[in-house]
Amino acid sequence: EADIYQTPRYLVIGTGKKITLECSQTMGHDKMYWYQQDPGMELHLIHYSYGVNSTEKGDLSSESTVSRIRTEHFPLTLESARPSHTSQYLCASSPGTGNNQPQHFGDGTRLSIL
Amino acid sequence: AQTVTQSQPEMSVQEAETVTLSCTYDTSESDYYLFWYKQPPSRQMILVIRQEAYKQQNATENRFSVNFQKAAKSFSLKISDSQLGDAAMYFCAYWGNTGKLIFGQGTTLQVKP
């Protein structure tokens, strides 16, 4: 069973607020990812990291930012939330070696911006 | 660029019956991996099964098996003896040299008692 945790699970907040979505994994995985998923839709990669101090933007443009100061921690930040940011955000991780290692997913954060 | 297509937005199956979910992909790479993920409502996404492209033998995990047709770039998932707990959204995913997992649009599976 994968040990990857996301908090909060649900967040409803007003426009203009600064938000940080937390993601932590206890498996020592080098690679971590953030996906955005609208209800019933496909996942879109918005950020990824291959290790400490390494972050890259994904395929879908996002106004969010990420940091990777520690291996186990990969938070996502929205400086000023807008209704268009309403979505589900999924964090995932995988070992650093081998493309056949599957990604392990967290439970997700459902974000609603009023 | 690689793409993954799931042409069935929704599928339904009677409990204990067999259902097949379709997935096609497009790539110019010869070495890659394919995955099926299951996402139950409001629950964690989990890996169902994976296939290495260099292996001709179809992967099998208990009631789940795949039909991998490399030349046709097809990767379907067969669920045998369907159970109520199989109801979920299923995503086909491709992993190649970009190091990124590319997902299909998903198929929502309903299991009828």
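A brief report on the enclosed structure follows.

The rules behind these values
- Residues numbered from 1 in each chain as written.
- Chains lettered and ligands numbered in written order.
- Predicted model: local features only at pLDDT ≥ 70, side-chain atom pairs only at ≥ 80, totals over all residues.
- Heavy atoms only, no water.
- Buried < 20%, exposed > 50% of the residue type's maximum accessible area, 1.4 Å probe, protein only.
- Helix = DSSP H or I, 4+ residues; strand = E, 2+ residues; numbered from the N terminus.
- Pairing = 2+ DSSP bridges.
- Core = buried A, V, L, I, M, F, W, Y, C linked by side-chain atoms within 4.5 Å.
- Contact = heavy atoms within 4.5 Å.
- Buried area = accessible area lost by both parts, 1.4 Å probe.
- Salt bridge = Lys/Arg side-chain N within 4 Å of Asp/Glu carboxyl O.
- Polar contact = N/O pair within 3.5 Å; in protein donor to acceptor, adjacent residues only side chain to side chain.
- Nonpolar A, V, L, I, M, F, W, Y, C, P; charged D, E, K, R; others polar.
- Disulfide = S-S within 2.5 Å.

**Comments concerning the pairing of strand β9 (residues 74–79) of chain B**
All names here are of chain B.
Then, in step 1: Burial within β9 is extensive, with 5 of its 6 residues counted as buried.
Then, in step 2: Strand direction decides the pairing type here: strand β3 (residues 19–21) and β9, joined by 3 bridges, are antiparallel. Counterpart to Thr20 in the pairing with β9 is Lys78.
Then, in step 3: As defined by bridge partners, strand β8 (residues 64–69) adjoins β9 across 6 bridges and the pair is classed as antiparallel. Following the sheet pairing, Gln69 is matched in β9 by Ser74.

**Some points on the sheet that holds strand β1 (residues 4–7) of chain A**
All names here are of chain A.
Then, in step 1: If you trace the 4 strands from one edge of the open sheet to the other, you get β1-β3-β8-β7, paired in antiparallel fashion. With one partner strand each, in any of the chains shown, β1 and β7 (65–66) form the two edges of the open sheet.
Then, in step 2: Relative to strand β8 (residues 76–78), β7 runs antiparallel, the two being bridged by 2 bridges. Paired with Val66 across the two strands is Leu76, which belongs to β8.

**Structural notes on the nonpolar core**
In summary, soluble globular proteins display a tendency toward joint burial of nonpolar side chains.
All names here are of chain B.
Then, in step 1: One finds Tyr25, Trp36, Phe75, Leu77 and Tyr90 to be the most contacted residues of the largest nonpolar core, which totals 26 residues.
Then, in step 2: Every element with two or more residues in this core is listed here: β3, β5 (33–39), β6 (46–52), β8, β9, β10 (88–95) and β12 (107–112).
Then, in step 3: Setting aside chain neighbours within four positions, we find Phe75 in contact with Cys23, Tyr25, Leu34, Phe35, Trp36, Gln51, Val66, Asn67, Phe68 and Cys92.

**Some points on the side chain of B:Asp86**
Residues and elements named next belong to chain B.
Then, in step 1: Secondary-structure assignment places Asp86 in the loop between β9 and β10.
Then, in step 2: The class of Asp86 is buried, set by a relative accessible area of 3%.
Then, in step 3: Ignoring anything within four residues of it in the chain, the contact list for Asp86 reads Lys38, Arg63, Phe64, Ile79, Asp81, Leu109 and Val111.

**What about the pairing of strand β6 (residues 54–57) of chain A?**
All names here are of chain A.
Then, in step 1: One ladder, built from 3 bridges, connects strand β5 (residues 43–51) with β6; its direction is antiparallel. Bridged to His47 within β6 is Lys57.
Then, in step 2: If you look at the hairpin formed by β5 and β6, you'll find 2 residues sitting between the two strands, and Asn53 has a positive phi there, around 65°.

**Some remarks on the interface of chain A and chain B**
Then, in step 1: The partner chain B presents 22 residues to the 28 residues of chain A that form the contact.
Then, in step 2: With both chains or domains summed, chain A and chain B bury close to 2000 Å², and 48% of this area falls on carbon and sulfur atoms.
Then, in step 3: Joining chain A to chain B, the criterion identifies 1 salt bridge.
Then, in step 4: One salt bridge connects B:Lys100 with A:Asp59, and the closest N-O pair in it is separated by 3.2 Å.
Then, in step 5: Taken together, the connections running from chain A to chain B amount to 4 residue pairs in polar contact (both at pLDDT 80 or more).
Then, in step 6: When residues of the side of chain A that touches chain B are traced back to their parent elements, those giving at least two are β4 (31–37), β5 and β9 (87–94) of chain A.
Then, in step 7: Residues of the side of chain A that touches chain B, tallied by class, amount to 12 nonpolar, 9 polar and 7 charged.

**So, the state of the cysteines**
Residues and elements named next belong to chain B.
Then, in step 1: Per the stated rule, a full pass over the model turns up 2 disulfides over all chains.
Then, in step 2: Residue Cys23 pairs covalently with Cys92 via a disulfide, S to S 2.0 Å. Taking the sign of the S-S torsion, about -65° here, the bridge from Cys23 to Cys92 comes out left-handed. With Cys23 in the loop between β3 and β4 (24–26) and Cys92 in strand β10, this pair connects stretches of sequence that are 69 residues apart. Accessibility classification places Cys23 together with Cys92 in one group, the buried group.

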